[in-house]
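Spelled out from the first residue to the last, the chains are:
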Amino acid sequence: DAGNALGVSQPAASKAIQRSEALLGVALICRNVRPIKLTHEGELVAEFAKKQHDLETALYQRLQSIKKSGADTIRIASFGPSASTHLLPNIVAQLRGYLSELDVSILELNELESIKALDDGLVDFATVVQIKESNLDCIPLENDQLVALVPADSSLAQQASLSAKKLSQENFIMTKGGSETLIRDWYAQSDLEPRVKHTAMQLTSIFGMIRAGMGVSIIAKMAMPETHPSVIAVPLSPVQPRVICMAKSDKDFNSHTAQRVWQLLQRFNK
């Protein structure tokens, strides 16, 4: 009977039905027939209860899947090829070793846009270049350094390294891909500023301008393409290190999966 099916005694089941009838103001079962059957209103309640039970079961299973295998989407803002090409594919592969159903959505933005997206809750994490005054929570991912880009046929290409003093005499192409603060800090160490003549977001634009003799630039070594004809990368003196980090805002995580991912990233970094 219903009581046995629910794991409760028959008297308890009868009382529960009576309380429901009193609350709803309608009879839920026909008591003058054998076997007892549901009234029309009782069938409506039973149908609703079954749907509710199915929804609760589906919700429970979904939440369990999220907890066990990361069956959810996390969103990562990425500032350029250093992260999007060289770092994130390996990191995503590592994460999926623990969270098999994890889905990752990558949105390429410049660094300021990435930080704003974090603050607005549009993304869960962002790759950023670590700076001392940052108030973000950061996990270091990779150590990199900046290099100067000069035309292959210039005298600068023959140098073992280049100082800010030498580069300050040249028209400069400023990258908007995430290293501008570090570049300006490097010049400032020598009490100088780059003579910015052009700005560019895309590496292809920077390399094209250098080949055309429009100036020199500084980018991250990790962002260098495999082939770069007519352009030479020269080390900086002094060296300007660049640490790429995964960052999150100081607000609560957007999801349980985002929290799991952050915990795994912390574990990978140990």
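Conventions adopted
- Residues numbered from 1 in each chain as written.
- Predicted model: local features only at pLDDT ≥ 70, side-chain atom pairs only at ≥ 80, totals over all residues.
- Heavy atoms only, no water.
- Helix = DSSP H or I, 4+ residues; strand = E, 2+ residues; numbered from the N terminus.
- Buried < 20%, exposed > 50% of the residue type's maximum accessible area, 1.4 Å probe, protein only.
- Contact = heavy atoms within 4.5 Å.
- Expected span 1.5 Å × (residues − 1).
- Polar contact = N/O pair within 3.5 Å; in protein donor to acceptor, adjacent residues only side chain to side chain.
- Core = buried A, V, L, I, M, F, W, Y, C linked by side-chain atoms within 4.5 Å.
- Pairing = 2+ DSSP bridges.
- Right-handed = clockwise from strand over helix to strand, strands pointing away.
- Arc of directions from axis to C-beta.
- Salt bridge = Lys/Arg side-chain N within 4 Å of Asp/Glu carboxyl O.

A.B. asks: Just to check I follow, could you spell out the environment of Leu146 for this structure?
C.D. replies: By the element assignment, Leu146 lies in strand β6 (residues 137-151). With a relative accessible area of 2%, Leu146 lands in the buried category. Separated by 80 residues in the primary sequence, Leu146 and Glu226 have C-alpha atoms spaced 16 Å apart. Residues within four places of Leu146 in sequence aside, it is in contact with Ser179, Leu182, Ile183, Ile218, Ile219, Ala220, Leu236, Gln240 and Arg242.

A.B. asks: Please explain helix α2 (residues 10-24) as it appears in this structure.
C.D. replies: Side chains of residues three or four places apart in an α-helix project in the same direction, reflecting 3.6 residues per turn. With 15 residues, α2 should reach 21 Å at 1.5 Å per residue; the first-to-last C-alpha distance of 21 Å fits that figure. Looking one or two residues beyond α2, the residue adopting positive phi is Gly25, at roughly 80°.

A.B. asks: How should the side chain of Ser84 be read in this particular structure?
C.D. replies: Here Ser84 lies in helix α4 (residues 81-96). A polar atom in the side chain of Ser84 sits 2.5 Å from the side chain of Ser78. There is a polar contact of 2.6 Å between the side chain of Ser84 and the side chain of Glu108. Here Ser84 is in contact with Ser78, Pro89 and Glu108, once residues within four sequence places are set aside.

A.B. asks: Would you explain the nonpolar core in this entry?
C.D. replies: Nonpolar side chains in soluble globular proteins tend to be buried together. Among the nonpolar cores identified, the biggest contains 54 residues, and Leu167, Ile218 and Ile219 are the most heavily contacted of them. Considering each element in turn, this core owes the most residues, six residues, to β6. Leave out the neighbours within four places in its chain, and Leu167 touches Ala148, Leu156, Leu162, Trp186, Tyr187, Val216, Ile218 and Leu236. Grouped together as the second largest cluster of nonpolar side chains are 11 residues, Leu109, Leu118, Val123 and Leu136 included.

A.B. asks: Just checking my understanding: could you explain the pairing of strand β4 (residues 103-108) for this structure?
C.D. replies: Bridge count between strand β3 (residues 73-78) and β4: six bridges; the pairing is parallel. From the neighbouring strand, Thr73 faces β4, where its bridge partner is Asp103. Taken together, β3, α4 and β4 form a β-α-β motif whose crossover is right-handed.

A.B. asks: Which parts of the structure should I look at to understand helix α5 (residues 111-119)?
C.D. replies: Among the residues of α5, those classed as buried are Glu111, Ser114, Ala117 and Leu118. Each buried residue of α5 sits inside an arc of 120° when the element is viewed along its axis, so together they form one side. Those residues of α5 that are exposed and aimed more than 90 degrees away from the buried face are Leu112 and Lys116. The inward-facing, buried residues of α5 abut β3, β5 (125-129) and β11 (241-248). The N-cap residue of α5 is Asn110: its side-chain oxygen and the backbone nitrogen of Leu112 are 3.1 Å apart. Once α5 ends, the next one or two residues include Gly121, with phi positive near 75°.

A.B. asks: Explanation requested: the pattern of salt bridges in the structure shown.
C.D. replies: Think of it this way: side chains of opposite charge can pair up when their charged atoms draw near. The final tally for this structure, using the stated rule, is 10 salt bridges. Asp119 is the salt-bridge partner of Lys251, the closest N and O atoms lying 3.5 Å from each other. Taken as a pair, Lys251 in the loop between β11 and α9 (256-268) and Asp119 in helix α5 lie far apart in primary sequence, 132 residues in all. Taking the relative accessible area as the measure of exposure, Lys251 reaches 44% and is therefore partly exposed. By relative accessible area, Asp119 is classed as partly exposed at 44%. One salt bridge in this structure joins Glu180 and Arg184, with 3.0 Å as the shortest N-O distance. Of the two residues, Glu180 and Arg184 are both situated in helix α7 (residues 180-188); the distance of four residues between them amounts to about one turn of the helix. Under the relative-accessibility criterion, Glu180 is labelled partly exposed at 22%.

Function cannot be read off these values alone, since they describe shape.
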